[in-house]
Amino acid sequence: MPGLGASFGRGGATNSQEDLANSDCIVIEGSNMAECHPVGFQWVSEAKARGAKVVHVDPRFTRTSAIADLHVPLRIGTDIAFLGGLINFVLENDLYFKEYVVAYTNAAALVSEDFVDAEDLGGLFSGFDPENNTYDESSWQYEPEEPPHSGSDDPAGAAAQDELEDHPQVRKTDKAQAAGSGGPPIAAKPKRDETLQHPRTVFQVLKRHFARYTPEMVAEVCGIEPEVFLQVARWVTENSGRDRTTAWVYSVGWTQHSVGAQYIRTCSILQTLLGNIGRPGGGILALRGHASIQGSTDVPTLYNLLPGYLPMPHAMQHQSLDEYCADAAGKAGFWGNKRTYMVNLLKAWWGDAATPENDFAFGYMPLIDGDHSSYRQIKDMIEGKISGYFLVGENPTVGHPNGRMNRFGLANLDWLVVRDLQMIESATFWKESPEIETGELAPETIATEVFFMPAASHAEKEGTFTQTQRLLQWRHKAVDPPGDAKSDLWFYFHLGRILRERLAGSTDPRDRPLLDLTWDYPTHGPDQEPSAEDVLREINGVGPDGRAVSGYMELQDDGSTSCGCWIYSGVYADEVNQSARRRPGREQGPVASEWGWAWPYNRRILYNRASADPDGRPWSERKKFVWWDEEAGRWTGADNPDFEATKRPDYVPPEGARAQDAIGGADPFIMQGDGKAWLYAPAGVVDGPLPTHYEPAESVVENAFYKQQANPTIERIEGPWNRENPPLSPVFPFQVTTYRLTEHHTAGGMSRTLPYLSELQPEFFVEVSPELAALRGLVNGEYATLVSTRTAIEAKVLVTERMRPIRLRNGQVVHQIGMPYHWSYSGISTGDSANDLLGIVLDPNTHIQEDKVSTADIVPGRRPRGPELIEFVEGYRRRAGVASGRVGLNGRDPVAAEAGEGSQQ
């Protein structure tokens, strides 16, 4: 996210998990780390054994809470209020790391006179367009220097951004990703006040914005006692500064909200104010729920990003390579090399067919024209706009919210390819889904042809996983996969081979991109398995001599080098698979740089230039990490320095410098165009330049901060199959959250079929407090039914004090219900799917769903069956004032179908 001074690209952790052991205080918020990330949690235990304070901020009391020094049970969906309170505490008490903040952030930059804060507009920022629910960011900009100074100045990039703003569809759906992870262009350097006293400095804007986030307001909104909040504030601030550092840890408990990106921005603002970014024992760690989720965003399975966080070309903007790279022309920071990264990617994909004369085959690139995220695709399936779909390693009928909507979508396809370890529900929905029982789906009317392709597990194939801390680790194949199961690499290589063979000799220009692909990987064994090492080497990149390059600093933009993912360049340096290194930690220093390989350049802490002061000296001996060695004339220390090794701390960019040469020697945040961490984002964040507390889309509480109830730019998927519970509705009076269990894995396909894991967690349950149980007549161990406007589900009741009522200062009591989401109708352990209860609304920056907080009713007893279930839910809809009316067969809207807008099946 642009302005996430704590993050390189989307989700990259700043520090390694092992570095948690060096923390003086660890705050785990938005994650049940002990249960969902038990291996990484060992480093939290190590830090605690060394004397660190551990705080767990979570609505539920869990195994993480049991080990923590303090559990903070805040109300679901109020993390911005809590973190904003900490920011206010830091600013009001002058506890920020002043030298760090002045030198390394945009705190001194002056904001335009036209900017009006949400504090003055009832929760909206200046530039809001209520008709389209979008912002015009022009009033958020800095006040520029007079005259403008080159270097970070970017007239070409500013023009590209202006062009972007001219396209409403681009502006509405892709603005957050349009500039890639380097952030949007800045037209000119801002005026600065190094004293931070000018009322329009970012620092003063920040102080005013968070002034109302007092301990009393935190207590009112979050439902925690002021003394608990103040205890966290004291521990965090006492353990931050020159000699001590605090780390923050989060996972999907933050991201899966309609303001999820702003949750993370709030934390990055706090951590930057405290000087905890780029330093040992500090940072913000984004935990990953699978072994290679980090890898699948680095070399992405995302529709709007290319490898290395390059943005996908957009049909309304990018008809040539020059247009695609225009926003980086003259840009400071390593994103100023965008053309180099893209040319090398094109060369890796199309080899000799990519030449300067044909724009390096840029015309072969697919172009996006809007939001193609997965939930929008499900809607398009229902409306008959998508006929075929590949479903790989995902089980949306169980793992996505609103499973019913997902099943309707799959039922409207012509064909569906499912690659998985098990015959998951997304492959059998056509004959076994709950909608068969209710009559909403019927096997004889579903024309979807399902092709199930069994997949090899991680132990049955070779290749790299990229772990939470950006660490690539090579996995050797332990056993052959059973039966027809094949690796993903085998599947896609041979699918491509067969398609290319069938198109051989074609003269149709649209076939050239496929025919010209570099598709010559060596194979081995009876199944002709492609070489994963050769793929890794191609990703690393090769130079003019055909040898593997040692890193992205060797890449050129003239076509003489190629590289499949610039941030991974160096993983095959010296023609050695660096990810396969396993030198024991006892033979290394504390950073253990010869265990696997971390991007970029095997750097274990991002932005580690910030671990030294502007003159290049360590902030303290205790937190010494990377520093300038004047005698040697280079940066040195425990880690690979973030900077070019010989760039002096007093380096001042010359006039006209670009890319990394335009970053000063005292500017650590080398991916940002100004080298600074952004406490305030003048562009690039869809829902505001500063984080603001909004209630979830489905909340039982009125926003106590502002008139604006929920995120004004929230992304909705409209349709009768995705109704929303009205906020503040007495019909749906309880808050619901979902979570994972250690014994089961995500949608359950890898665990519900295993007897030992099923024995440990044998059935679907919900957690309720004793008070809620008494209020609703729920009995421990008996069934209860939960209802929303989407459907009703049943579960066994677990009455536990781990879920406590939240008592707000206005007297309102908020009851919260916890639901693990691993169950469905197949496997040894079966039950209703928790996600069926949820609707789909999305964070407008990331298109990630808000499924960590919704509303529902709960009553004792089992749910109705068959068509009676539909009538039962319809009764709730009528009482809540939600539009009624049945969904047509296979999920079609009967009105749209009559108008010719639905599926033609």
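Above this text sits the structure in question.
None of these values were measured; they are calculated from a predicted model.

For helix α24 (residues 532-540), the set of buried residues is Ala532, Val535, Leu536, Ile539 and Asn540. Around the axis of α24, the buried residues are gathered within 145° of arc, so they sit on the same side. Looking at the packing, one finds that the buried side of α24 touches β13 (463-466), β14 (471-475), α22 (488-503) and β16 (529-530). Positive backbone phi, approximately 105°, marks glycine 541, located one or two places after α24.

It is worth spelling out the nonpolar core at this point. Ranked by size, the top nonpolar core spans 141 residues in total, and within it Phe82, Trp248, Leu273, Met342 and Trp566 carry the most contacts. Counting residues per element, this core draws most heavily on helix α4 (residues 79-92), which supplies nine residues. By size, the runner-up hydrophobic cluster in this structure holds 25 residues, among which are Phe764, Val766, Ala795 and Leu837.

So, on to the sheet that holds strand β11 (residues 415-420). One open sheet holds the three strands; their spatial order is β10-β11-β12, and the pairing between them is parallel. Both outer strands of the open sheet, β10 (388-392) and β12 (449-454), are each paired with one neighbouring strand and no more. Neighbour-to-neighbour, the strand axes of the sheet open up by a mean angle of 15°, direction not taken into account. For β10 and β11, the ladder comprises five bridges, and the chain directions are parallel. Pairing of leucine 391 across the sheet is with valine 418, part of β11. Each of β10, β11 and β12 is contacted by α22, which is oriented at about 155° to β10, the strand it contacts most.

Bringing the environment of glycine 403 into the picture now. Within the element layout of this structure, glycine 403 appears in helix α19 (residues 403-410). Its relative accessible area of 0% is what places glycine 403 among the buried residues. Along the sequence, glycine 403 and leucine 837 sit 434 residues apart, while their C-alpha atoms lie 8.1 Å from each other. When neighbours within four sequence positions are excluded, glycine 403 is seen to be in contact with Thr397, Asn835 and Asp836.

Taken in spatial order, the five strands of this open sheet run β3-β2-β1-β6-β7, and their pairing is parallel. Taken across any chain shown, the strands that pair with only one partner, and hence form the sheet edges, are β3 (70-72) and β7 (284-286). Across the sheet, the mean angle from the axis of one strand to that of its neighbour is 20°, orientation sign disregarded. Relative to strand β6 (residues 246-250), strand β1 (residues 25-29) is paired through four bridges, and the arrangement is parallel. Looking across to β6, one finds that valine 27 is bridged to tryptophan 248. Helix α2 (residues 41-49) rests against β1 and β2 (53-57) of the sheet, and its axis sits at about 145° to β1.

Before going further, it helps to spend a moment on the pairing of strand β29 (residues 854-860). Most of β29 is tucked away, with five of its seven residues classed as buried. Pairing of strand β21 (residues 734-739) with β29, which is carried by three bridges, proceeds in the antiparallel orientation. Note on β29: the bridge partner recorded for valine 736 is serine 854. Of the strand pairs in this sheet, strand β23 (residues 783-787) and β29 are connected by four bridges, and their pairing is antiparallel. In the strand pairing of β29, leucine 786 is matched with isoleucine 858.

This part takes up the pairing of β11. Buried residues dominate β11, accounting for five of its six residues. Of the strand pairs in this sheet, β11 and β12 are connected by six bridges, and their pairing is parallel. Bridging across to β12, tryptophan 415 finds its partner in glutamate 449.

Calculation rules
- Residues numbered from 1 in each chain as written.
- Predicted model: local features only at pLDDT ≥ 70, side-chain atom pairs only at ≥ 80, totals over all residues.
- Heavy atoms only, no water.
- Buried < 20%, exposed > 50% of the residue type's maximum accessible area, 1.4 Å probe, protein only.
- Helix = DSSP H or I, 4+ residues; strand = E, 2+ residues; numbered from the N terminus.
- Arc of directions from axis to C-beta.
- Contact = heavy atoms within 4.5 Å.
- Core = buried A, V, L, I, M, F, W, Y, C linked by side-chain atoms within 4.5 Å.
- Pairing = 2+ DSSP bridges.
- Axes fitted to C-alpha atoms, helices over the stretch in contact; angles between N-to-C directions.

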